[in-house]
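Spelled out from the first residue to the last, the chains are:
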Amino acid sequence: VQLQASGGGSVQAGGSLRLSCAASGRTFSSNVMGWFRQAPGKVREFVAGINRSGVGSNYPDSVKGRFTISRDKDKNMLYLQMNSLKPEDTAVYYCAARKESAVSIATSRGLYDYWGQGTQVTVSS
């Protein structure tokens, strides 16, 4: 069971990136999923979450209106569209999934059971 995040890179402030997360080994179409990020010296923080159906989502104020989470259940893929990027968005970004029985979008990293490796996002001013 693996989650593989990709799409990170270096952009200037105001730019955009689209992160992808591919699931392999099993389907995550029935799992609540999310994106987290961790900057050097800081704790891993919630960035976006999406419910099972893909209709409901949740974002912290720091990214609301700039980031959009989406999923393609047929392709077993999770995405994070990031627009109007700021230097403070620089971090390693991780995708994660909750266990199958979970129904709510959680903001606590401790409530996610499956994690991918991170992808680096660097935003320069």
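All of the points below concern the structure found in this document. (Residues numbered from 1 in each chain as written. Predicted model: local features only at pLDDT ≥ 70, side-chain atom pairs only at ≥ 80, totals over all residues. Heavy atoms only, no water.)

### Considering the overall build of the protein chain
Okay, so step 1: Assigned secondary structure in the protein chain consists of 0 helices and 11 strands.
Okay, so step 2: Each helix (α) and strand (β) of the protein chain, taken in turn from the N terminus, gives the series β-β-β-β-β-β-β-β-β-β-β.
Okay, so step 3: For 125 residues, the compact-globule formula gives about 14 Å, and the C-alpha radius of gyration of the protein chain, at 13 Å, lands near that figure.
Okay, so step 4: By its C-alpha atoms, the protein chain is 40 × 25 × 25 Å across when sized along the principal axes. (Helix = DSSP H or I, 4+ residues; strand = E, 2+ residues; numbered from the N terminus. Rg over C-alpha atoms; globule rule 2.2 N^0.38 Å.)

### A word on the state of the cysteines
Okay, so step 1: What the rule picks out here adds up to 1 disulfide.
Okay, so step 2: Each sulfur of the disulfide joining cysteine 21 and cysteine 95 lies 2.2 Å from the other. One quick way to see it: the torsion about the S-S bond of cysteine 21 and cysteine 95 is about 65°, and its sign makes the bridge right-handed. Placement of cysteine 21 in strand β3 (residues 17-24) and of cysteine 95 in strand β9 (residues 91-97) is noted, with a sequence separation of 74 residues between them.
Okay, so step 3: Accessibility expressed as a relative area gives 1% for cysteine 21, which makes it buried. (Disulfide = S-S within 2.5 Å. Buried < 20%, exposed > 50% of the residue type's maximum accessible area, 1.4 Å probe, protein only.)

### A look at the nonpolar core
Okay, so step 1: Judged by nonpolar contacts, the single largest core of 28 residues is most densely connected at Trp35, Phe67, Leu80, Met82 and Tyr93.
Okay, so step 2: Where this core is concerned, the elements lending two or more residues are β1 (2-6), β3, β4 (33-38), β5 (45-50), β7 (67-72), β8 (77-82), β9 and β11 (119-124).
Okay, so step 3: Once residues within four sequence positions are removed from consideration, tyrosine 93 is found in contact with Ala5, Leu19, Phe36, Arg37, Val47, Phe67, Leu80, Met82, Gln117, Gly118, Thr119 and Val121.
Okay, so step 4: If you look at the next biggest cluster of nonpolar residues, it comprises 6 residues, including Val32, Ala96, Ala106 and Tyr112. (Core = buried A, V, L, I, M, F, W, Y, C linked by side-chain atoms within 4.5 Å. Contact = heavy atoms within 4.5 Å.)

Geometric values such as these leave the question of function open.
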